[in-house]
Amino acid sequence: QVHVVESGGGSVQAGKSLSLSCAISGHDLSSDGVGWFRQAPGKDREFVASISWKYGSTYYANSVKGRFTISRDNDNFKVNLLMNNLEPEDTAVYYCAVDYLGAGRGRDSRFASQYDYWGQGTQVTVSS
């Protein structure tokens, strides 16, 4: 019913930029939150960034703050993640997720357990 599809992953060298896109269909995002998470081999799922569709507020993990920017396309129900100054430590599978009725969670949007719909992920590999 609700489909979440990530795109834009690939292999880049350190210091380069990459833009990911999350396309969401089958659902109105007006009351929701949308987040990006990532998971590297042998690591737990990690919060990257989130945005409230209703309020437009954004939150970032300290590890990506100042380098990554999350944004929304209201007309097309897409959420983008612009990743600048990529580092090898950013290598992971990146997942987009929708938090149903979670637009007002604020800083609690960093908790993966709050999200209801997940995409299949897109691989990002950063080489030194």
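Residues numbered from 1 in each chain as written. Predicted model: local features only at pLDDT ≥ 70, side-chain atom pairs only at ≥ 80, totals over all residues. Heavy atoms only, no water.

## Details of the state of the cysteines
Under the criterion given, the structure shown has one disulfide. Across the disulfide from C22 sits C96; the S-S distance is 2.0 Å. Between C22 and C96 the sulfur-sulfur dihedral comes to about -80°; the bridge is accordingly left-handed. Of this pair, C22 sits in strand β3 (residues 18-25) while C96 sits in strand β9 (residues 92-99), and the two are 74 residues apart along the sequence. Across this residue pair, the class does not change: C22 and C96 are buried. (Disulfide = S-S within 2.5 Å. Helix = DSSP H or I, 4+ residues; strand = E, 2+ residues; numbered from the N terminus. Buried < 20%, exposed > 50% of the residue type's maximum accessible area, 1.4 Å probe, protein only.)

## Thoughts on the side chain of R67
Mapped onto the elements, R67 comes out in the loop between β6 (58-60) and β7 (68-73). At a separation of 2.9 Å, a polar atom in the side chain of R67 contacts the main-chain carbonyl oxygen of S63. Separated by 2.8 Å, the side chains of R67 and D90 make a polar contact. The residues touching R67, leaving out its near neighbours within four places in the chain, are L82, M83, N84, N85, L86, E87 and D90. (Polar contact = N/O pair within 3.5 Å; in protein donor to acceptor, adjacent residues only side chain to side chain. Contact = heavy atoms within 4.5 Å.)

## So, the sheet that holds β3
Ordered in space as β1-β3-β8-β7, the four strands form an open sheet in which the pairing is antiparallel. Looking along the sheet, the strands with just one partner apiece sit at the ends: β1 (3-7) and β7. Going across the sheet, the axis of each strand differs from the next one's by a mean of 15°, ignoring polarity. By the bridge criterion, six bridges tie β7 to strand β8 (residues 78-83) in an arrangement that is antiparallel. (Pairing = 2+ DSSP bridges. Axes fitted to C-alpha atoms, helices over the stretch in contact; angles between N-to-C directions.)

## Some remarks on the pairing of β3
Note that β1 and β3 share five bridges and pair antiparallel. Bridge pairing links H3 to S25 in β3. Pairing geometry for β3 and β8, over six bridges, is antiparallel. Opposite S19, over in β8, you have L82 as the bridge partner.

## Observations concerning the packing of aromatic side chains
According to the stated counting rule, one finds five aromatic pairs in the structure shown. Note on W53 and F77: the rings are 6.1 Å apart at their centroids and 15° apart in plane angle, and the pair reads as stacked. Of this pair, W53 sits in the loop between β5 (46-52) and β6 while F77 is found in the loop between β7 and β8, placing the two residues 24 residues apart along the sequence. Here F77 falls in the partly exposed class, since its relative accessible area comes to 29%. (Phe/Tyr/Trp six-rings, centres within 6.5 Å; stacked < 30°, edge-to-face > 60°.)

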